[in-house]
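Residue-level structural notes
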Amino acid sequence: MSKRLYENYEEFGYKTHESEMAKQQAYSCARNAAEIYRQLSNDVDLPEWIEYKISIANDYLVTANDYIKTGMETKQVPMNTVSEGKITLKSLLMEEEASIPESFSRPRLKYKLDDLKKFIDTETMEEHYKKHFKKYTDTLNEAIKEYNINLNFGTVEPIIGLLAVVNRYPDKVRNNAGGYYNHILYFENMMPNENPEPVGRIAELITEQFVDYKKFKETFKEAGLNVFGSGWVWLVLDNGELRILTTQNQDNPLMDPNFGGTILLAMDVWEHAYYLKHKSDRKSYIDDFFNVVCWNKVNERIKE
Ligand code: MN3
């Protein structure tokens, strides 16, 4: 694909100074992409994160290519996208960016904050959802402005795209992008639950890999108790296998460029998730957490 783009750019004629500059930039991007692709194609199995980045780069180039070939002659490029006499690739992608949110917001919960009270008390849920989660969301939005972060990651959801490149940014972005996304997962994978036993595909996977649900719970709980200080426990599906991971602070497995799995279940083990009811007893919080796990949500995530 990159090679084809590279060849396409060679056919372009000169239009105006601006379009010539844009053409040269796009040409140079395509040439670099083609060279990188050539070097990488010696490896038969590229790591998933490289494949992912190539596909993002490719999407950008295809969009730029389409725009130049079809748009440049018919559309007037708005003046504010012209900076110091040249059109940047960013301005070429402006139309696509229009659909990208400039900030993040908390999803509405599918249950009321007091619906889990038998296990997770209402006061904790209120503090957690309305204050802690809100704070991560607000601070993330502030950081996006502060560091002028472009949330256009092509076909990848903005928050997922951001987590994958979070190492480029200061801790404020890391902590709050993680804090924001981790809490989406956590509040989504809880639900008032009449029958908290795993069902469907996840029940099968647990039986295959952990013998039974009881054994799985013990392992997951042990992982939670071993998180020193604040952090998270994750059940992920990686190459068809269930794995239990832990992270510190607000880190998320998707921040690791080598992680290629799917997150199925998130458990917050920060004290703010349980201190009001369970005091320092993380163990009893984890027992209660298992009573509100939404296994249907876990099964949905397996299919994604
Ligand atoms: Mn929390």
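Everything that follows concerns the structure shown earlier in this document.
On a predicted model such as this, the values are computed, not experimentally measured, just so you know.

1. A short note on the pairing of strand E5 (residues 262-268)
- For E5, the tally of buried residues reaches six of seven residues, placing the bulk of the element in the interior.
- One ladder, built from six bridges, connects strand E3 (residues 231-238) with E5; its direction is antiparallel. Directly across from Leu-235, in E5, lies its bridge partner Leu-265.

2. Points about the coordination of the manganese ion
- Here the manganese ion is held by the protein donor atoms His-128 (NE2), His-183 (NE2), Asp-268 (OD) and His-272 (NE2), which lie 2.0 to 2.2 Å from it.
- For the manganese ion, the single-chain donor residues occur in sequence as H-x54-H-x84-D-x3-H. Separated by 89 residues along the polypeptide, His-183 in helix H8 (residues 171-188) and His-272 in the loop between E5 and helix H11 (275-278) bring together distant segments of the chain. One exposure class covers both His-183 and His-272, and it is buried.

3. With respect to helix H9 (residues 200-210)
- Taken together, the buried positions of H9 are occupied by Ile-202, Leu-205, Ile-206 and Phe-210. Along the axis of H9, the buried residues cluster in a sector spanning 100°; they form a single face.
- The inward-facing, buried residues of H9 abut helix H10 (213-225), E3, strand E4 (241-248), E5 and helix H13 (295-303).
- Positive phi shows up at Val-211, right after H9, with a value of about 75°.

4. Details of the nonpolar core
- Counting 68 residues, the largest nonpolar core has Leu-162, Met-190, Ile-202, Phe-216, Leu-242, Tyr-285 and Trp-295 as its most contacted members.
- Apart from the residues lying within four places of it in its own chain, the contact partners of Tyr-285 are Ile-120, Tyr-186, Met-267, Asp-268, Val-269, Ala-273, Tyr-274 and His-278.

5. Here we look at the pattern of salt bridges
- The tally for this structure, following the rule as stated, stands at 16 salt bridges.
- A salt bridge links Arg-301 to Glu-188, with the shortest nitrogen-to-oxygen separation between them at 3.2 Å. In this pair, Arg-301 sits in helix H13 while Glu-188 sits in helix H8, placing the two residues 113 residues apart along the sequence.
- Under the relative-accessibility criterion, Arg-301 is labelled buried at 2%.
- By relative accessible area, Glu-188 is classed as partly exposed at 31%.
- A salt bridge links Asp-288 to Lys-277; its shortest N-O distance comes to 3.1 Å. Residue Asp-288 is found in helix H12 (residues 282-290), and its partner Lys-277 is found in helix H11; the two are separated by eleven residues along the sequence.
- Here Lys-277 falls in the partly exposed class, since its relative accessible area comes to 34%.

6. Brief notes about the pairing of E3
- Among the eight residues of E3, eight are classified as buried, and the element is accordingly described as predominantly covered.
- Judged by which residues are buried, E3 turns out to be covered on both faces: Gly-231, Val-233, Leu-235 and Leu-237 on one side and Trp-232, Trp-234, Val-236 and Asp-238 on the other are all buried.
- When E3 meets E4, the two strands line up antiparallel, connected through eight bridges. From the neighbouring strand, Gly-231 faces E4, where its bridge partner is Gln-248.

7. Some points on the sheet that holds E3
- Strand order in the open sheet made by the three strands is E4-E3-E5, with antiparallel pairing throughout. Each having just a single partner strand, E4 and E5 make up the two edges of the open sheet. Along the sheet, successive strands turn relative to each other by an average axial angle of 20°, direction set aside.
- Of the strands in this sheet, E3 and E5 are in contact with H8, which crosses E5 at around 90°.

8. Structural notes on the side chain of Lys-221
- Residue position: Lys-221 is located in helix H10.
- Setting aside residues up to four positions removed in sequence, Lys-221 forms contacts with Lys-283, Ile-286 and Asp-287.

9. Examining the environment of Pro-101
- Following the sequence through the fold, Pro-101 ends up in the loop between helix H5 (94-97) and helix H6 (122-146).
- Sequence separation between Pro-101 and Asn-152 is 51 residues, and the spatial gap between their C-alpha atoms is 8.6 Å.
- Among all residues touching Pro-101, those that are not within four sequence positions of it are Leu-151 and Pro-158.

10. Let's talk about the packing of H9 against H13
- Their axes nearest at 7 Å, the elements H9 and H13 cross at an angle of 85°. With respect to their mutual orientation, H9 and H13 come out roughly perpendicular. Side by side, H9 and H13 meet where Gly-200, Arg-201, Ile-202, Leu-205 and Ile-206 of the first sit next to Trp-295, Val-298, Asn-299 and Ile-302 of the second.
- Partitioning the contact of H9 with H13 into residue classes produces six nonpolar, two polar and one charged.

Conventions adopted
- Along each chain, the written sequence defines residue order, and numbers are assigned to residues from 1.
- Given that the model is predicted, a residue must reach a pLDDT of at least 70 before its local features are reported, and side-chain atom pairs must reach 80 or more before they are shown or counted; all residues, however, enter totals for whole chains, interfaces and linings.
- No hydrogens and no water enter the side-chain calculation; it runs on all heavy atoms of the structure.
- Exposure is judged per residue with a 1.4 Å probe applied to protein chains only, and the accessible area is read against the type maximum: over 50% gives exposed, under 20% gives buried, and values in between give partly exposed.
- Starting at the N terminus, helices and strands are each numbered in turn, a helix being any DSSP run of H or I of at least four residues and a strand any DSSP run of E of at least two.
- Two strands qualify as a pair provided DSSP detects at least 2 bridges between them.
- As a rule, N, O and S atoms within 2.8 Å of a metal are its donors, except that Na, K and Ca use 3.2 Å; water is not among the atoms, so sites may look incomplete.
- When we speak of the arc, we mean the arc of directions from the helix axis to the C-beta atoms.
- The criterion used for residue contact is that any of the two residues' heavy atoms lie within 4.5 Å.
- Only buried residues count toward a nonpolar core, which is a set of Ala, Val, Leu, Ile, Met, Phe, Trp, Tyr and Cys residues joined through side-chain atoms within 4.5 Å.
- By convention in these notes, a salt bridge is any Lys or Arg side-chain nitrogen within 4 Å of a carboxyl oxygen on Asp or Glu.
- For helices, the axis comes from a line fit to the C-alpha atoms of the stretch in contact; other axes are also lines fit to C-alpha atoms, and the angle between any two N-to-C directions lies between 0 and 180 degrees.
- An angle counts as roughly parallel when it lies under 35 degrees, as roughly antiparallel when it exceeds 145, as roughly perpendicular when it falls between 65 and 115, and as oblique in every other case.
- Three classes are used: nonpolar for Ala, Val, Leu, Ile, Met, Phe, Trp, Tyr, Cys and Pro, charged for Asp, Glu, Lys and Arg, and polar for all others, with Gly counted as polar.

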